[in-house]
Amino acid sequence: MTSNSTQEHLDIASDYVQKIGDEIAYQQTVEPTNGEEFEVLMCFKGDSKYGIYGFPDYDYLSIVFEYSLLERLAVSLDSETIENHTGEYVDTDEIAEVSPENTGDGEIIIGAEQDENPPEIRAAKSIVESIDEEINERFIFDLFQQSSYPQVSTEIKRTENGYFSGFSIRRKIFPDDSGFNLTEFNNSVQSVVSIGVFAENTVIESLGEKMQLSSE
Amino acid sequence: MSQGDPPESESIKSRRRANPSSWLELTDNQTLPLVVDALLDSPPGKEYNKTELANFAGVSRESVREHIETLLKFGIVEEVDDTTPTRYRLNDHGKATVSLFELNSALNSVASGEKENVELKQSEQSDADPLLENRSRLYDTAMEFGDQLGENIG
């Protein structure tokens, strides 16, 4: 159940999202298999998607821009490639994008709805984990360095074996704080989205031509 | 020279300031370099109104108001469309901005004793994205990463 304060915070955020000219896609309650449920307000700034996450008993909301290379790869692979990497046949017409989920300790992960490890994600993981370890580490280091600013928290996501699988850019906002206003909200969203788009474009530019990945 | 005449160096200084080069116009000021430094230190695409830029740069709003026309004139900042009061952001693709990034990067590197490295990188980067040395490196690394991923897909 959503606590009153969380919903109140999200109502404020929702109002501000519209006032700064962004669009609200939907609000969703996410119920993780382990951990507390939380609320997500998915929004668009132009073509760029970001989420505003509200957790019960927390005084803040998190503005989050996430990118999952595994998801992007998974939806771009054909049946043959998936089969080559996993031995399983998948009808790629039935692959849908998955929703964000929470580990329960404040960390949000992607790809845990329904089948936590579907063949297309396993194939994507297999492809990513075949990359030279040194190139993987260099890429992670450079991307982190260029996407890190004091205003936001940047996290590079890795597979269990340490390979790049995506990133998230976050910033906390405190709607009950006396200094919180529309300008502060706009600055927060703008810093998260602009840095997120920069990092996303870097990944897409390097991969796009080869795999026809596109930004949504 | 009579007793009342300014020293020759003062006279030259005055002449220079009376007809300033663009370089002097940008740098011969206590607060404008601080504003430029703040802009170069901003996240990509970061927008500011005058008060926010003043706070970030550590100068007064009056200073920003005074300098904003100069920054626009040199193409270092650009106005964000449809914003009231007007918001500004670093013009990433402006010729002067690109050169300022390069200059800052070169000075940093030379100051830390990497002169030879700078010369090498300058020659290597002649055709690359000149915005930032580090961004150029990230781009190269990302392309390597992408190439390998493409090969692994088969």
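Below or above, wherever it landed, is the structure these notes cover. (Residues numbered from 1 in each chain as written. Chains lettered and ligands numbered in written order. Predicted model: local features only at pLDDT ≥ 70, side-chain atom pairs only at ≥ 80, totals over all residues. Heavy atoms only, no water.)

A word on the packing of aromatic side chains
Logical step 1: For the structure shown, the criterion picks out 14 aromatic pairs over all chains.
Logical step 2: Seen from the ring of A:Tyr60, A:Lys172 lies directly overhead, with NZ or CZ sitting 4.6 Å from the centre.
Logical step 3: In this arrangement the basic side chain of B:Lys46 is found over the ring face of B:Tyr48, its NZ or CZ atom lying 5.5 Å from the centre. (Phe/Tyr/Trp six-rings, centres within 6.5 Å; stacked < 30°, edge-to-face > 60°. Lys NZ or Arg CZ within 6 Å of the ring centre and 35° of its normal.)

Remarks on a nonpolar patch on the surface
Residues and elements named next belong to chain B.
Logical step 1: Residues Trp23, Leu103 and Leu107 make up a contiguous nonpolar surface patch of roughly 330 Å² in combined accessible area.
Logical step 2: Along the chain, Leu103 turns up in helix H6 (residues 95-111).
Logical step 3: Relative accessible area serves as the criterion here: at 35%, Leu103 is assigned to the partly exposed category. (Patch = residues over 30% accessible without salt bridge, like charges linked within 9 Å, V, L, I, M, F, W, Y side chains within 5 Å. Areas by Shrake-Rupley, 256 points an atom, 1.4 Å probe, with all protein chains shown as cover. Salt bridge = Lys/Arg side-chain N within 4 Å of Asp/Glu carboxyl O. Helix = DSSP H or I, 4+ residues; strand = E, 2+ residues; numbered from the N terminus. Buried < 20%, exposed > 50% of the residue type's maximum accessible area, 1.4 Å probe, protein only.)

Focus: the sheet that holds strand S7 (residues 153-158) of chain A
All names here are of chain A.
Logical step 1: Ordered by their spatial adjacency, six strands build an open sheet running S1-S2-S3-S4-S8-S7, and the pairing between neighbours is antiparallel. Strands at the two margins of the open sheet, each flanked by one partner only, are strand S1 (23-30) and S7. Strand-to-strand twist of the sheet, defined as the mean angle between neighbouring strand axes without regard to direction, takes the value 25°.
Logical step 2: The sheet strands contacting helix H2 (residues 69-76) are strand S4 (61-68) and strand S8 (164-173), and the helix crosses S4 at an angle near 40°.
Logical step 3: Strands S7 and S8 of the sheet are contacted by helix H5 (residues 133-146), whose axis makes an angle of about 165° with S7. (Pairing = 2+ DSSP bridges. Axes fitted to C-alpha atoms, helices over the stretch in contact; angles between N-to-C directions. Contact = heavy atoms within 4.5 Å.)

Description of the sheet that holds strand S2 (residues 77-79) of chain B
Logical step 1: Read across the open sheet, the three strands follow the order S1-S3-S2 (chain B); overall the sheet is antiparallel. At either margin of the open sheet sits one strand with a lone partner, and together these are strand S1 (47-48) and S2 of chain B.

Looking at the interface of chain B and chain A
Logical step 1: Each partner contributes to the interface: chain B provides 27 residues, whereas chain A provides 35 residues.
Logical step 2: Taking both partners together, chain B and chain A bury about 2,800 Å²; carbon and sulfur atoms supply 62% of that area.
Logical step 3: Broken down residue by residue, the surface that chain B buries against chain A is led by B:Leu138, B:Phe145 and B:Ile153, which jointly contribute 24%.
Logical step 4: A:Asp142 serves as the salt-bridge partner of B:Arg137, at 3.0 Å between the closest nitrogen and oxygen. (Buried area = accessible area lost by both parts, 1.4 Å probe.)

Notes on the pattern of salt bridges
Logical step 1: Applying the stated criterion across every chain, the model contains 19 salt bridges over all chains.
Logical step 2: For A:Glu134, the salt bridge goes to A:Arg138, with nearest N and O atoms at 2.7 Å. Of this pair, A:Glu134 and A:Arg138 both sit in helix H5, four residues apart, which is roughly one turn of the helix.
Logical step 3: Connected through shared salt-bridge partners, B:Glu47, B:Glu52, B:Glu78, B:Arg87 and B:Arg89 make up one network.

Brief notes about the packing of helix H3 (residues 32-40) of chain B against helix H5 (residues 61-73) of chain B
All names here are of chain B.
Logical step 1: Taken N-terminus to C-terminus, the directions of H3 and H5 make an angle of 65°; their axes are 10 Å apart at the nearest point. Considered as vectors, H3 and H5 are oriented roughly perpendicular to each other. Both H3 and H5 take part in a crossing whose hand is right-handed. Side by side, H3 and H5 meet where Leu32, Val35, Val36 and Leu39 of the first sit next to Val64, His67, Thr70 and Leu71 of the second. (Parallel < 35°, antiparallel > 145°, perpendicular 65-115°, else oblique. Left-handed = near helix turned anticlockwise from the far one by under 90°.)

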